[in-house]
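Spelled out from the first residue to the last, the chains are:
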Amino acid sequence: MEPDVSIESMCTIRVAVLPVGPITPSLFRDYASLLTLHSKIDLSSISSFYTEHQKSPFTHQPWDTGSLRFKFILGGSPPSPWEDFQSNRKILAVIGIFHCPSSPDLHLVSEQFSHACKAYITSALAQKCFGFCPGDEQLENGSKENLNLFPPADRQTLEMHMHTMMQDIAASLLMEFEKWVLKAESAGTIVKTPLDSQASLSSEEVIKAKKRRLGRAQKTIGDYCLLAGSPVDANAHYNTALELARLTGDYFWYAGALEGSVCALLRNQNQCCLPLETEMAESGRQLSPTGGNCHRSPPSTSRLEMDRIGQRDQVLEDEVKYRYNSVILHYRKSFIQDNAQRVSPVSFELEATLKLARFLCRRELAKDVVDLLTNAADGAKSLIDATDRLVLYVEIARLYASLGYERKAAFFSRQVAQLYLQQENRYAAISALQVLAISTKAYRVQSKASIARDSLPENGPIIVDGGKMHPNSAVSLFESQWSTLQMVVLREILQAAVRAGDPLAAWSAAARLLRNYYPLITPAAQNGLARALNNSATRLPSGTRSADPALPFIRLHSFPISPSQMDIVKRNPARQDWWAGSAPSGPFIYTPFSKGNTNNTGKQELVWVVGEPVQVLVELANPCGFDLVVDSIYLSVPTGNFDAFPISVTLPTNSSKVIALSGIPTSVGPIKVPGCIVHCFGVITEHLFRDVDNLLIGAAQGLVLSDPFRSCGCPTLRNVSVPNISVVAPLPLLLSHVVGGDGAVTLYEGEIRDVWISLANAGTVPIEQAHISLSGKNQDSVISIAYDTLKSALPLKPGGEITLPITIRAWQHTALDLDTVAGRSGSLARQPKDGPSPMLLIHYAGPLYNIESGEKTAVTPGRRLVVPLNVCVLPGLSFVKARMLSMEIPSNIGENIPEPSNAENGFYRSPSGSQNKLERLVKIDPYRGTWGLRFIELELSNPTDVVFDIRVSVQLENPGSSDDTSADQDAGEYGYPKTTIDRDSSARVLIPLEHFKLPVLDSSFFMKESLVDGGASGGRTSSFSEKSAKAELNACIKSLISRIKVRWESGRNNSGELNIKDAMQAALQTSVMDVLLPDPLTFGFRLAKDASQDSHSQTSEARCSVFAHEMTPMEVLVRNNTKEAIRMNLGITCRDVAGENCVEGPKATVLWAGALNGIILEVPPLQQIKHSFSLYFLVPGEYTLVAASVIDNANDILRARARSDSPTEPIFCRGPPVHVRVCGAA
């Protein structure tokens, strides 16, 4: 059998094209390609080369429409034993090709060509030898050696010359055909086939053979008529041969003549030289030599008169089918059982079947074609020669492929490959590998090298067996039900590649087998495939690339958010404060939280900067039963503006790992990251993220065998799409770190400390603009920032560095402090939005435009640096409780009490002109004359393991008069001695409040107090004055609290301040009146002695100024602290140490002179009066004087101060006790 046969193959002239002399295969094929362009030569074009020596036997030669057809066989072919049976099998012409520069001796070339032609001396009718690129000397000698030389010229010129030479060859062959036909008609010819040579002829069969010779000669003449391009003459001779063969019972030659008649019919139909019905009438209808079932009547006249354009093909097809069915039947009849083991006409029967199937091969006639091919496949068992079976399977596969039956075509392709693999030679294995590579598309196991990357879903529907059309879907992509068959195909490809010595094909097949079908392969077989991959790689050059990836499986994990230093902010050149209102979101321009169209479902946009390293997280999975060593893996960037950094990875058995792949953008423009480049098993492959995504989709739908990541224990990962990545010009890059370490600064509550932040420009562009702001919680804890230091350093050149001091006061401890810092120790990374630490926001930018090639490009963006001030606030001193204390200490009576120096501002001088710090902190009330104190007591607990020293200080107001200048003028703040609180201990700290007493009792303060207590009934309709009064009272309270400081120290450098604001407000909530407002009346006692005594006597008397048995004159001073006159009834009481009244009663020990009770006095506003009296103490000892008064007709102010609701109830005012020490007689 011969490959690529068709019905019209019988009219094709075979030409052997032979290389002559030394010529490279590529050059020989290049020259031979000039011949293949002229496989058809029109008869009208050879008239100038044709010479009619005698009357042509081709009486119906179509010179205007006919042509000669050629088939060029490179390297020639051996003679066929069936050449007499089918003349088209003969080599009728020989063409030699040589390269003149490689063969300078033309005589030697001529001899070599003549020697090569001897193999075809019995059949070749024309011989030509073509030389290319001759020299000048060779051109002169070429004609002597009967060589045709082509001077050097372009391709078009050479094609024109070759066309002329082929016309000459066609004319020569036509004349030779005429000679042969004339000779055969006059003298006859003897033809035979292997069937004849194998038969033992009896005398009767010899006579029959002589009769058969005439019919065979007519059939052979018809073959030459077909080769000469005269189908009408051929048809006449075939009709004669058919009659003679029918009469002699020569079935085999009858079938051959009938084949020739069909070819003549088609040629004549193409040339349109004779009506179809005429040809059919002349061909004869008694097709069967037995006159049996093969008789067919000619078609009716009405049918032949129908429109030829619409019906001729159908009529022609019916005629061809009818004749070829007869051909197949007669080939089958010619089968002789005795010759079945040596030579058989089965190959011609199958060849005729293939010719008819090729002629009918259209989708509309698919059923008929399938039936023919099925019969041909069944007949393969009867073929003796394995080569014939190989050719048969090849043709069947090609025809199925032409119909679109890819799977059937792939099945027979595998049959071809198995026949090749049965031959123990490398070339057969190479052929098997090529055939299997063709079938891989139908089995969906083709190599990526044979597929365009972008040819998946866009290529339209896929045609499968039965003519069904299925849209592209996951089913057509994966087809998991084919797993076993696909594995068999890949194993066959692997076997063929190993035997063919193609290590790259073997590596590719093993990679596809291991990657796609690892769940169906045992661990031992997986290790075997891994060894096959390594063995193939050892035979490949270093750096070999394969289109088919093996392991590992790689999917995109995420694009990690860049450090806070890399936040990019769009820059508005029209605004100087371009950072105002900006909301950067890391390197991503779009996030779900950004403003804009919420319906935008497009890809995110990611911005990278030239020269700055970036990272992409990918996840690797090794689902196989061996440790996988990845020699290198890096990002695949086909755009070429990215330098990727390779890393090596080792994946244990059935494991996965997330790794970071990094690189540096090198130029401005878009970047695509479709996958990774992997060097594993000795070969470099590209792993596309898209392929793994499709695989996971198939696994989710149950269409593929397994999810490699899930089998490795990985959690389900959401689908991560690759954003649109663009690269911008270099930008400044500001990096920060805390001087002394990037760990969290540990502070106790209230501690104040300077944190030094170092800022360095790590970019290649200077920083020209910078702005600092605060964000996050506890912003008020940042006391100061050195703004001027940053601005003075601008422009900050690349490599420049500055240090900014930031003063921080620790805030109140929360549970988040320890948790936040514990999770990010030693890091300045992004802290969560709900973190307690404040953050510095530094917006900075370089030049407004990036100047390239002297032109301004687009506006460069700015950046935002987020510097978390990581502060860990530890619980320090804790408040247990706070309360208000009131304490009265009787004062010793003396000759004088302090006089007010400026009563309007509430500051008072000591009468002696000197005042120590303790007296300034806890002073004698000038109006009471005694020590009346009010304190806020804070109970503090120290739960830490360090010791705290507590100091309370009060900031005093300076006197308003200019003459109040003293040595203590710089002492505006006075503090108590420190209080030490040991670890795990508690202590109480007293905060004095007497320095904040107001000098005058006014009605406005009661309105303020009522507003604070919620007693005002104005609500929303309260007047502006009420609101102003309330604000004034609140300001007074805040001023009072702000002047008291409670500071602590711990160790050498730790110090801070307690936040007592809340505790003070809570303690003062119910005692604002007592703290701020003075009493309506204040009382004081003094001795009424002569003031002429010197200071020494005063000092001595201060210790004991009252003696027993002496009349001691005294004065009581009553001051009115209101702005209205007060009328009152004053009374004075003296008591002993037991609290008994010493003035009245039978046991009185004190005598008096003057009035002590029922004293009616009226005190002017803001003035004081005195009442004199004398006491005579009978017994030395300790006595206490107390003054009290009852105010008659008290006004509203007095009742409000006394918290009295009854308008008739008298107001009682009592002064504090005054201590009197009575000594014995002098």
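Up top you'll find the structure we're talking about.
Just so you know, these numbers come straight off a predicted model, no measurement behind them. Starting afresh in each chain, residues are numbered from 1 along the sequence in its written order. Thresholds applied to this predicted model are a pLDDT of at least 70 for local features of residues and 80 or more for the giving and counting of side-chain atom pairs; totals over whole chains, interfaces and linings are not thresholded and use all residues. Each side-chain value is derived from all of the structure's non-hydrogen atoms; neither hydrogens nor water enter the calculation.

**Describing the pattern of salt bridges**
Here is step 1 of the chain: What counts as a salt bridge is simple: a side-chain nitrogen of Lys or Arg found within 4 Å of a carboxyl oxygen of Asp or Glu. Following the criterion strictly, the structure yields 31 salt bridges and no others.
Here is step 2 of the chain: Between arginine 155 and aspartate 30 there is a salt bridge, with its nearest N and O atoms 3.2 Å apart. Taken together, the residues span a long stretch of sequence, with arginine 155 in helix H4 (residues 155-187) and aspartate 30 in helix H1 (residues 25-36) at a distance of 125 residues.
Here is step 3 of the chain: Per-residue accessibility, obtained with a 1.4 Å probe over protein chains only, is compared with the maximum for each type, and a residue is labelled buried under 20%, exposed over 50%, and partly exposed between these values. A relative accessible area of 36% places arginine 155 in the partly exposed class.
Here is step 4 of the chain: Overall, aspartate 30 belongs to the partly exposed group, its relative accessible area being 36%.
Here is step 5 of the chain: Salt-bridge contacts for glutamate 176 lead to lysine 179; the nearest nitrogen and oxygen are separated by 3.8 Å. In this pair, glutamate 176 and lysine 179 are both assigned in helix H4, three residues apart and thus about one turn of the helix distant. Secondary structure elements follow DSSP: runs of H or I no shorter than four residues count as helices, runs of E no shorter than two count as strands, and numbering proceeds from the N terminus.

**Some details on unusual backbone geometry**
Phi is mostly negative for residues that are not glycine, and the peptide bonds are mostly trans.
Here is step 1 of the chain: Geometrically, the link from leucine 551 to proline 552 is a cis peptide bond, its omega value of 0 degrees lying close to zero.
Here is step 2 of the chain: Looking at where proline 552 falls in the secondary structure, it is placed in the loop between strand S9 (545-546) and strand S10 (553-558).
Here is step 3 of the chain: Residues leucine 794 and proline 795 are joined by a peptide bond in cis, for which omega reads -5 degrees.
Here is step 4 of the chain: By the secondary structure assignment, proline 795 is in the loop between helix H23 (787-792) and strand S27 (801-809).
Here is step 5 of the chain: Of note, the phi angle at histidine 1109 is positive, near 65 degrees, even though the residue is not glycine.

**So, helix H2 (residues 106-117)**
Here is step 1 of the chain: For a helix, the expected span equals 1.5 Å multiplied by the residue count minus one. Here H2 contains 12 residues, and its C-alpha end-to-end distance of 16 Å stays within 8% of the 16 Å for a straight helix at 1.5 Å per residue.
Here is step 2 of the chain: Here H2 has its buried residues at Leu106, Val109, Ser110, Phe113 and Cys117. Mapping the buried residues of H2 onto a view down its axis gives an arc of 100 degrees, with all of them on the same face.
Here is step 3 of the chain: Contacts are assigned to residue pairs with any non-hydrogen atoms lying within 4.5 Å of each other. Those residues of H2 that are buried are in contact with strand S4 (91-99), strand S5 (126-132), helix H3 (136-141) and strand S6 (148-150).
Here is step 4 of the chain: Here a polar contact means two N or O atoms within 3.5 Å. Within protein one must be a hydrogen donor candidate and the other an acceptor candidate, and residues neighboring in sequence count only if both atoms are side-chain atoms. Capping of H2 at its N-terminal end is provided by aspartate 105; its side-chain oxygen lies 3.2 Å from the backbone amide nitrogen of histidine 107. In this context, the arc is that of the directions from the helix axis out to the C-beta atoms.

**Here we look at the packing of helix H18 (residues 483-500) against helix H19 (residues 503-517)**
Here is step 1 of the chain: Following both chains from N to C, one finds H18 and H19 inclined at 160 degrees, their axes separated by 8 Å at the closest point. As the angle between them shows, H18 and H19 are arranged roughly antiparallel. Crossing hand, H18 versus H19: left-handed. Contacts from Ser483, Gln486, Met487, Leu490, Arg491, Ile493, Leu494, Ala497 and Val498 in H18 reach Ala505, Ala506, Ala509, Ala510, Arg512, Leu513 and Tyr517 in H19.
Here is step 2 of the chain: Here the nonpolar group is Ala, Val, Leu, Ile, Met, Phe, Trp, Tyr, Cys and Pro; Asp, Glu, Lys and Arg are the charged ones; every other residue, Gly included, is treated as polar. A per-class count over the contact of H18 with H19 returns 12 nonpolar, two polar and two charged. To define axes, lines are fitted to C-alpha atoms, for helices over the stretch in contact only, and angles between the resulting N-to-C directions are given on a 0 to 180 degree scale. Note on angle classes: values under 35 degrees are labelled roughly parallel, values over 145 roughly antiparallel, values of 65 to 115 roughly perpendicular, and the remainder oblique. Left-handed describes a crossing whose near helix is turned anticlockwise from the far helix through less than a right angle; right-handed describes the clockwise counterpart.

**What to know about the side chain of serine 558**
Here is step 1 of the chain: Structurally, serine 558 can be placed in strand S10.
Here is step 2 of the chain: Judged by its relative accessible area of 16%, serine 558 falls in the buried class.
Here is step 3 of the chain: Side chain to side chain, serine 558 and histidine 557 meet in a polar contact 3.2 Å long.
Here is step 4 of the chain: Excluding its chain neighbours within four sequence positions, the residues that come into contact with serine 558 are Val616, Leu617 and Val720.

**So, the packing of aromatic side chains**
Here is step 1 of the chain: Under the pairing criterion, centres of Phe, Tyr and Trp rings, with the six-membered ring standing for Trp, must be within 6.5 Å; the plane angle then separates stacked pairs below 30 degrees from edge-to-face pairs above 60, leaving the rest tilted. One pass over the full model with this rule turns up 25 aromatic pairs.
Here is step 2 of the chain: Considering the side-chain rings of tyrosine 31 and phenylalanine 132, the 4.1 Å spacing of their centres and the 10 degrees angle between planes classify their relative orientation as stacked. Here tyrosine 31 is found in helix H1, whereas its partner phenylalanine 132 is found in strand S5, with 101 residues between them in sequence. As far as burial versus exposure is concerned, tyrosine 31 and phenylalanine 132 are alike and both buried.
Here is step 3 of the chain: Ring centres of tryptophan 82 and phenylalanine 348 lie 4.6 Å apart, and the angle between their planes is 70 degrees; this geometry places the pair in the edge-to-face category. Linking tryptophan 82 in the loop between strand S3 (67-74) and S4 with phenylalanine 348 in helix H12 (residues 346-360), this pair joins segments that are 266 residues apart in sequence.
Here is step 4 of the chain: For tryptophan 82, a relative accessible area of 11% translates into the label buried.

**As for the packing of helix H16 (residues 426-443) against H18**
If you want to describe how two helices pack, look at the angle between their axes and the distance between the axes.
Here is step 1 of the chain: Two numbers describe how H16 lies on H18: the axes approach to 8 Å, and their chain directions differ by 155 degrees. Between H16 and H18, the crossing angle belongs to the class labelled roughly antiparallel. Between H16 and H18 lies a crossing whose hand is left-handed. Contact residues: Arg426, Ala429, Ile430, Ala432, Leu433, Leu436, Thr440 and Tyr443 in H16; Leu485, Gln486, Val489, Glu492, Ile493, Ala496, Ala497, Arg499 and Ala500 in H18.
Here is step 2 of the chain: A class-by-class count of the residues in the contact of H16 with H18 yields 12 nonpolar, two polar and three charged.

**As for the sheet that holds strand S24 (residues 752-761)**
Here is step 1 of the chain: Pairing is antiparallel across the open sheet formed by four strands, whose spatial order is S22-S24-S27-S26. Two strands lie at the open edges of the sheet, namely strand S22 (734-738) and strand S26 (782-785), each paired on one side alone. Neighbour to neighbour, the strand axes of the sheet diverge by 25 degrees on average, direction disregarded.
Here is step 2 of the chain: By the bridge criterion, nine bridges tie S24 to S27 in an arrangement that is antiparallel. Bridging across to S27, leucine 759 finds its partner in isoleucine 802. For two strands to be treated as a pair, DSSP must find no fewer than two bridges joining them.

**Observations concerning a nonpolar patch on the surface**
Here is step 1 of the chain: Only residues whose relative accessible area exceeds 30% and that take part in no salt bridge are eligible for patches, with like-charged residues grouped when within 9 Å of each other and nonpolar side chains (Val, Leu, Ile, Met, Phe, Trp, Tyr) grouped when within 5 Å. Areas reported as accessible are Shrake-Rupley estimates using a 1.4 Å probe. Residue values count occlusion only from the protein chains shown. A contiguous nonpolar surface patch, about 220 Å² in accessible area, is contributed by Leu1151, Leu1178 and Val1179.
Here is step 2 of the chain: You can see leucine 1151 is positioned in strand S48 (residues 1150-1153).

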